[in-house]
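Remarks on the overall topology
The chain contents come next:
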Amino acid sequence: MKRMHLHVAVDNIQQSVQFYSALFGASPTVEKPDYAKWMLESPHVNFAISSRGAKAGLDHIGIQVETEEELNEIKERLEKAEMSLLTQDGTTCCYARSDKHWVQDPSGIAWESYRTLESAPTFNNVETIEGACCTPVMQSIQMTPRKPKENHGCC
């Protein structure tokens, strides 16, 4: 089963946990001093927030899978679409060890497809809560960002 994953960088983790707990009607499944995650069934989403120095807003979007086969299926689709991939095997991020594939969409938004292998005691193998999230530097994916479209007053 696949689950949508959204990760948002926030300015104030405590206020954000209160807000999202009220919005979702549920407490976080994982809560740390700099990170919280809700594994929601309705909507079926893995929603995470962190306060690790990144600019507030959408950090990345992803698809969480349960099996290696599902992860390979997504990787194959991205390769057929001629997407530049960054693969991370057994990497530690967001208090979990995972196998991941990263791509960047044409607008520059980071997309993560991953399978969690086990929980981890640290955010990203570092004891301090300083520093950004685990989203890799997108230049390492070797994609050229497209020029932004002109805003003609809509959306």
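Just above sits the structure.
Quick look at the structure, then. Fair warning: this is a prediction, and the values are worked out from it, not measured in the lab.

1. With respect to helix α2 (residues 68–80)
With 13 residues, α2 extends 18 Å from end C-alpha to end C-alpha; this agrees with the ideal 18 Å at 1.5 Å per step. Looking at the buried residues of α2, the elements they touch are β5 (57–65), β7 (96–104) and β8 (110–119). Looking one or two residues beyond α2, the residue adopting positive phi is E82, at roughly 60°.

2. Observations regarding helix α1 (residues 13–24)
Counted at 1.5 Å a residue, the expected span for α1 with its 12 residues is 16 Å, and the 16 Å between its end C-alpha atoms agrees. All of the buried residues along α1 are I13, S16, V17, Y20 and S21. For α1, the buried positions fall inside an angular range of 130° around the axis, keeping them on one side. Across α1 from its buried face, at more than 90 degrees, point the exposed residues Q14, Q15, Q18, A22 and L23. Taken together, the buried residues of α1 touch β2 (30–32), β3 (35–41) and β4 (44–50). Near the N-terminus of α1, the side chain that reaches the backbone nitrogen of Q14, with its oxygen 3.1 Å away, is that of N12. Among the residues trailing α1, G25 stands out with phi positive, at a value near 65°.

About the cut-offs
- Residues numbered from 1 in each chain as written.
- Predicted model: local features only at pLDDT ≥ 70, side-chain atom pairs only at ≥ 80, totals over all residues.
- Heavy atoms only, no water.
- Helix = DSSP H or I, 4+ residues; strand = E, 2+ residues; numbered from the N terminus.
- Expected span 1.5 Å × (residues − 1).
- Contact = heavy atoms within 4.5 Å.
- Buried < 20%, exposed > 50% of the residue type's maximum accessible area, 1.4 Å probe, protein only.
- Arc of directions from axis to C-beta.
- Polar contact = N/O pair within 3.5 Å; in protein donor to acceptor, adjacent residues only side chain to side chain.

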